[in-house]
Amino acid sequence: MSPTSSVKPKYRRRRQHAAALAIALVILLVVCSGFVYYKRNVVGNRDFEGSGNGTTVMVRVEPGDSISSIASDLVDKKVVGSRRALMNAADKDQPNLQAGYYAMQEEMSASSALAALGDETRRRGVVDIPNGLTLDDVTVVNGETRKGIYSLISEQTCQDEHTCISPDELREAVTSTSPEDLGVPSWAVQAVSAHDNDPRRIEGLIVPGIHLFDPTSDAKSIMTSILKVSAENIEKTGIQQAAATVGLKPYEMLTAASLVEREAPEGDFDKVARVILNRLNEDMKLEFDSTVNYGLDAQEVATTTADRQRETPWNTYAKKGLPDTPIASPGIQALHAIENPAEGDWLYFVTIDKNGTTVFNREFDDHQNATAESIRNGVLDSNR
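Attention here is on the structure that accompanies the text. For clarity, every value in this text was computed on a predicted model and none was experimentally measured.

### So, the overall build of the protein chain
Secondary structure assignment for the protein chain yields 16 helices and ten strands. Burial status across the protein chain gives 45% buried among its 384 residues. Relative to all contacts within the protein chain whose residues are 6 or more apart in sequence, the contacts with residues 24 or more apart total 66%. Accessible surface, the protein chain: about 19800 Å² in total, of which carbon and sulfur atoms supply 48%.

### Quick notes on the side chain of Glu203
In this structure, Glu203 sits in the loop between α8 (189-193) and β7 (209-212). Comment: no salt bridge for buried Glu203; closest opposite-charge side chain is Arg200, at 5.6 Å. Reaching out from Glu203, the side chain makes a polar contact with the backbone nitrogen of Leu135 at a distance of 3.0 Å. Beyond its immediate stretch of four places on either side in the chain, Glu203 contacts Leu133, Thr134, Leu135, Tyr294, Pro326, Ile327 and Ala328.

### Concerning the sheet that holds strand β3 (residues 123-124)
Across a sheet, paired strands are connected by hydrogen bonds in the backbone, their directions being either parallel or antiparallel. With respect to topology, three strands assemble into an open sheet ordered β1-β2-β3, the strand pairing being antiparallel. In the strand order of this sheet, the two ends are held by β1 (56-61) and β3, each with one partner. Across the face of the sheet, helix α4 (residues 110-117) comes into contact with β1 and β2 (100-105) while running at roughly 145 degrees to β2.

### Considering the state of the cysteines
One pass over the full model with this rule turns up one disulfide. For Cys158, the disulfide goes to Cys164, at an S-S distance of 1.8 Å. Disulfide Cys158-Cys164: torsion about the S-S bond near 120 degrees, hence right-handed. The buried category is assigned to Cys158, whose relative accessible area is 13%. Accessibility expressed as a relative area gives 33% for Cys164, which makes it partly exposed.

### Topic: the packing of aromatic side chains
Summed over the entire model, instances satisfying the criterion amount to five aromatic pairs. Linked through ring pairs, Phe288, Trp346, Phe349 and Phe360 together constitute an aromatic cluster. For Arg308, the ring lying beneath its charged end belongs to Tyr317, and the centroid distance is 5.6 Å.

Rules of the game
Residues numbered from 1 in each chain as written. Predicted model: local features only at pLDDT ≥ 70, side-chain atom pairs only at ≥ 80, totals over all residues. Heavy atoms only, no water. Helix = DSSP H or I, 4+ residues; strand = E, 2+ residues; numbered from the N terminus. Buried < 20%, exposed > 50% of the residue type's maximum accessible area, 1.4 Å probe, protein only. Contact = heavy atoms within 4.5 Å. Areas by Shrake-Rupley, 256 points an atom, 1.4 Å probe, with all protein chains shown as cover. Lys, Arg positive; Asp, Glu negative; His and termini not counted. Salt bridge = Lys/Arg side-chain N within 4 Å of Asp/Glu carboxyl O. Polar contact = N/O pair within 3.5 Å; in protein donor to acceptor, adjacent residues only side chain to side chain. Pairing = 2+ DSSP bridges. Axes fitted to C-alpha atoms, helices over the stretch in contact; angles between N-to-C directions. Disulfide = S-S within 2.5 Å. Phe/Tyr/Trp six-rings, centres within 6.5 Å; stacked < 30°, edge-to-face > 60°. Lys NZ or Arg CZ within 6 Å of the ring centre and 35° of its normal.

See the structure below:
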């Protein structure tokens, strides 16, 4: 065999390898091109049809978010087919995004997804608590039932009709969790602990206003998140600093503020705050009908003699001093009023007409005359 004949197979193998590599590169190039084409023109512009496949997906919208900023999340959760389809649809119809969690579905058309994001009825995890609301529902004599905080929060946990956290589950979370773990401020822990098995033991500690929470979390986490934010907002009013000046403990200030919220007409918060402090300083019973109502199943402005004689932890006709707990969630205005009460020697007040005109007096006889006028004007009529 000649020396050259042994080299030729090597060259042939090299040529074969080079040809195979070239073919592989061509195939890879074709595949990559096809993939890029698919991503750009099929997946990249894909838009599902209809309003979803029935699988619920919760989409979070933060304050200040736009369709562009949440587009990737919508694609990742398979709510929409592509970012491009969503943005194209948004060019035609841009919803006004509100913070919260939206119950949506997988495989929605871009237009359906945008409509859902603009649909207030789909928004969850947002509860707007009005001033003076109580934790539990309240039934008014000869009137409707007013939903309480537990019920309002419960409604905002529903991803669909099968996934709501009930008011009772929220109550259970409150009674089975230590005040510290719930986020109760340190100055309220002792008072809250004294009412171990009462789900109303956090009454007054959830501030009015809009609260955002994750509706997919458990009952304890929801209540804790709301209570922690509330504690921060209460602290910002200067309640601890003002307590020493007013002569009450911070928790007592909160309780007194709840009375102001439920008793005082608009514009007279600071005067009612002064009446509360004056009566406490003179060791008089407060005798507020709102504290009687707090322990009743059915409430009205005018309470009966029998109701006022009932001994409860809140009835200030039957006990001296403040109620054992707040009787509602006081707003910032009520908190500021008890922190900065008006100057005056009043011991009594009564609203004398249905326009909210309120008369403040020092002497009991003057108060009796004002009360008689209130009765004549139908303000203190009883429906029972």
